[in-house]
Every structure is written in structure tokens, then in C-alpha cells.
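So the chains spell out like this:
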Amino acid sequence: MEIRFLAIETANFAETVHFYRRTLEVAVLSEGPGYAVLHLGNSQLLLRQALQGQPFYHLAFDIPQNQLSQAAQWLERRVPLLERNGEREVFFEDWNATSVYFHDPSDNIVELIARHNLANDRAQAFDADSLLSVSEIGWPCQDPARTAQEMGIEAWRDYGPFKALGSESGLILLVPIGRGWLPTDRPAESHPCEVLVQTSAGYHRFSV
């Protein structure tokens, strides 16, 4: 599965767009009053001005599996990295993946993840072009099992109340509302979100 399009809301719209455009040097495909569409490899990320509240999300961008250390160095020149148990690089043995995390100006918990099972090595120095796709979106909900059934997407990993639907190329992470997001343990909240995914069966759109 691949995430082709993701739309999220932000209370700090102008600052967040500036961060992705200027700090991370991500290309802006289009923009207008209250919206901007970012180009992230095989995906598009739509930022919308939130009409109320302070929404935040967990999302991940795939990077070449051989560039995690380069990514960490590139990031720390631009934004403080988040730590887990004193470590900035977090290895997930069950997923054979290594991640680094940071907050954007909307307090989204953003992850750059190198999935070592994927053949996506890159020889060039790490830069914005190394952000290959939006590969994860956190999806807090009241009943992950029921939501998984309604979505009809097979679980790649199923840990009971935490279900990763899709494949290593793209995942919807179903978690109970209130579950802590790594690496900060901030309780998950449900906010407006729309995602378009592509599977072997075609395109599927989900929203909350």
C-alpha cells in the first residue's frame, strides 16, 4: 500500500508552511488562502488552516534505508530532535526500521523512518529529495478493531489495540484515543484527516 495524498489541519498555518518550505526545503505544489500542498516524493501532503482547536498528528516520511544517520545530521541543523530514553535514533526490531523524530510548528510528531527491508538506497547526500513519501499516518479512534474492519485494509502488524494497516510502503496506524505516541508519549487525539491510499485493489479514500 502507498499513501498518495494526506490532508491534515494546522492552527499555526503560516508558520508550518514556512517551516516545510524554508527549513526542510520541501517543494510547495500549490497554495492559497488557508491551504498549501506539499510535494513529498510519491505523496502529496495538504495542510489546511484549522477552524478551531489545536490539532496535532503523528505522521512519518520514508527515507532511503541507508541514510538514517545522514538524515539525523541534516535534521539537527534545522530543528531539535526528539529523544526516547536518551537516544535520538530509535530502532524497531520487529519492523527492521530505524527512526528519528521532531516536532513541526504545529506540534505534529513527525518521523523520518528508514525501513531496512526496502531496496531504496540513495548514493547522493541526504536532502529534501530523500523524503520519499508520506508512509504513515496515525489514526486514533474509539475502536481500532471495528475501524480496521470498516476500512477493509489488511493489517501488516497487529498488536491488539494497535494495528498497522497496509504494508511497509504505506501504513495507517490505528490506535485507541489516548494512547501515547512515540517518542513523547503524548496521548493520541482524533482530529480531521483525509487519506488516499493505493493498494493492489485500487484507490481507497478514508476520512475522519
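First, a word on what this report is: a plain description of the structure on this page. (Residues numbered from 1 in each chain as written. Predicted model: local features only at pLDDT ≥ 70, side-chain atom pairs only at ≥ 80, totals over all residues. Heavy atoms only, no water.)

1. Quick word on the nonpolar core
- Among the nonpolar cores identified, the biggest contains 46 residues, and Leu6, Leu112 and Ile172 are the most heavily contacted of them.
- Here this core gets five residues from one element, more than from any other, and that element is helix α2 (residues 68-76).
- Dropping the residues within four chain positions of it, isoleucine 172 is found in contact with Met1, Ile137, Trp139, Met151, Lys163, Ala164, Leu165, Val195, Val197 and Phe206.
- In terms of nonpolar packing, the next biggest core, distinct from the first, is built from 17 residues, Phe56, Leu82, Val90 and Trp181 among them. (Core = buried A, V, L, I, M, F, W, Y, C linked by side-chain atoms within 4.5 Å. Buried < 20%, exposed > 50% of the residue type's maximum accessible area, 1.4 Å probe, protein only. Helix = DSSP H or I, 4+ residues; strand = E, 2+ residues; numbered from the N terminus. Contact = heavy atoms within 4.5 Å.)

2. Examining the packing of aromatic side chains
- Enumeration according to the criterion identifies five aromatic pairs in this entry.
- When the centroid spacing of 5.1 Å and the interplanar angle of 65 degrees are considered together, the rings of tryptophan 74 and phenylalanine 126 count as edge-to-face. Separated by 52 residues along the polypeptide, tryptophan 74 in helix α2 and phenylalanine 126 in the loop between β9 (109-115) and β10 (133-141) bring together distant segments of the chain.
- With relative accessibility at 3%, the residue tryptophan 74 sits in the buried group.
- An aromatic cluster is present here, built from Phe19, Tyr20 and Phe102 joined pairwise through their rings.
- Geometry around tryptophan 156 places arginine 157 over its ring, the cationic atom sitting 4.0 Å from the centre. (Phe/Tyr/Trp six-rings, centres within 6.5 Å; stacked < 30°, edge-to-face > 60°. Lys NZ or Arg CZ within 6 Å of the ring centre and 35° of its normal.)

3. Brief notes about helix α1 (residues 13-23)
- By the burial criterion, the buried members of α1 are Phe13, Thr16, Val17, Phe19 and Tyr20. Angularly, the buried residues of α1 cover 155 degrees about the axis, an arc narrow enough to put them on a single face. Along α1, the residues that are exposed and aim more than 90 degrees away from the buried face are Ala14 and Arg22.
- Count one or two residues on from α1 and you reach glutamate 25, which has phi positive near 60 degrees. (Arc of directions from axis to C-beta.)

4. Here's the deal with the pairing of strand β4 (residues 43-49)
- The pairing of strand β1 (residues 2-10) with β4 spans six bridges and is classified as parallel. Bridging from a neighbouring strand, threonine 10 pairs with glutamine 49 of β4.
- Of the strand pairs in this sheet, strand β3 (residues 35-40) and β4 are connected by six bridges, and their pairing is antiparallel. Bridging across to β4, tyrosine 35 finds its partner in arginine 48. (Pairing = 2+ DSSP bridges.)

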